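Fold and geometry: a report
For reference, the chains in residue letters:
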Amino acid sequence: MMTSNQPAGRPYAHTALVRYLDRRILELKPRKSQAEIGTETGFIQPNMVAMIKRGSTRLPLDRVAALAQALECDPAYLLLLALDQHGMRGAAYDEIFGRIVTRNEMTWISELRVLSGQSDPRLTSKGRAALRSAFGL
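Here the structure is a predicted model, which means the values were calculated and not measured.

Calculation notes
Residues numbered from 1 in each chain as written. Predicted model: local features only at pLDDT ≥ 70, side-chain atom pairs only at ≥ 80, totals over all residues. Heavy atoms only, no water. pLDDT = per-residue confidence, 0-100. Helix = DSSP H or I, 4+ residues; strand = E, 2+ residues; numbered from the N terminus. Patch = residues over 30% accessible without salt bridge, like charges linked within 9 Å, V, L, I, M, F, W, Y side chains within 5 Å. Areas by Shrake-Rupley, 256 points an atom, 1.4 Å probe, with all protein chains shown as cover. Salt bridge = Lys/Arg side-chain N within 4 Å of Asp/Glu carboxyl O. Buried < 20%, exposed > 50% of the residue type's maximum accessible area, 1.4 Å probe, protein only. Phe/Tyr/Trp six-rings, centres within 6.5 Å; stacked < 30°, edge-to-face > 60°.

Turning our attention to the confidence of the model for the protein chain. On average, residues of the protein chain score 89 in pLDDT, and 95% of them are at 70 or above. Across the protein chain, element-level confidence peaks in helix α4 (residues 64-71) with a mean pLDDT of 97 and bottoms out in helix α6 (residues 91-97) with 76.

Take a look at the structure:
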């Protein structure tokens, strides 16, 4: 569905996946080109990454793992962005499949388990305040 703030022919331009892809390609630019990323992903059309990055088309779900590898990023995180772009995430999805946890989130969870002595602590107001402080909130 096209809204007034979406450029014509670019219905996915304002998605989180587009913003992430743009940033990640820029970060990788010193080491690999956008065309190389497309080739590593297995896209037949050489401009497919550009089309996704512009928001002209969605990332095909069957290419998430390959693109994550080419972007050197967490495939679970990229899958979340792709599912959002496809309109496939929501309460029903999360209820059925659970919340996808990224590698970075797993690192946090692992550290919490170590620090708590594997005691499965509840999040207290003091703990919440400490976390918020760590993020400058």
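There is a patch of nonpolar side chains on the surface, built from W108, L123, L131, F135 and L137 and spanning about 560 Å² of accessible area. Turning to its location among the elements, W108 is positioned in helix α7 (residues 103-115). Overall, the relative accessible area of 45% leaves W108 in the partly exposed class.

For the structure on display, the rule yields 2 aromatic pairs. Measuring from ring centre to ring centre gives 5.2 Å for Y20 and Y77, while their planes differ by 75°; the resulting arrangement is edge-to-face. In this pair, Y20 is assigned in helix α1 (residues 16-28) and Y77 in helix α5 (residues 75-85), connecting sequence segments 57 residues apart. Y77 sits in the partly exposed class, given a relative accessible area of 33%.

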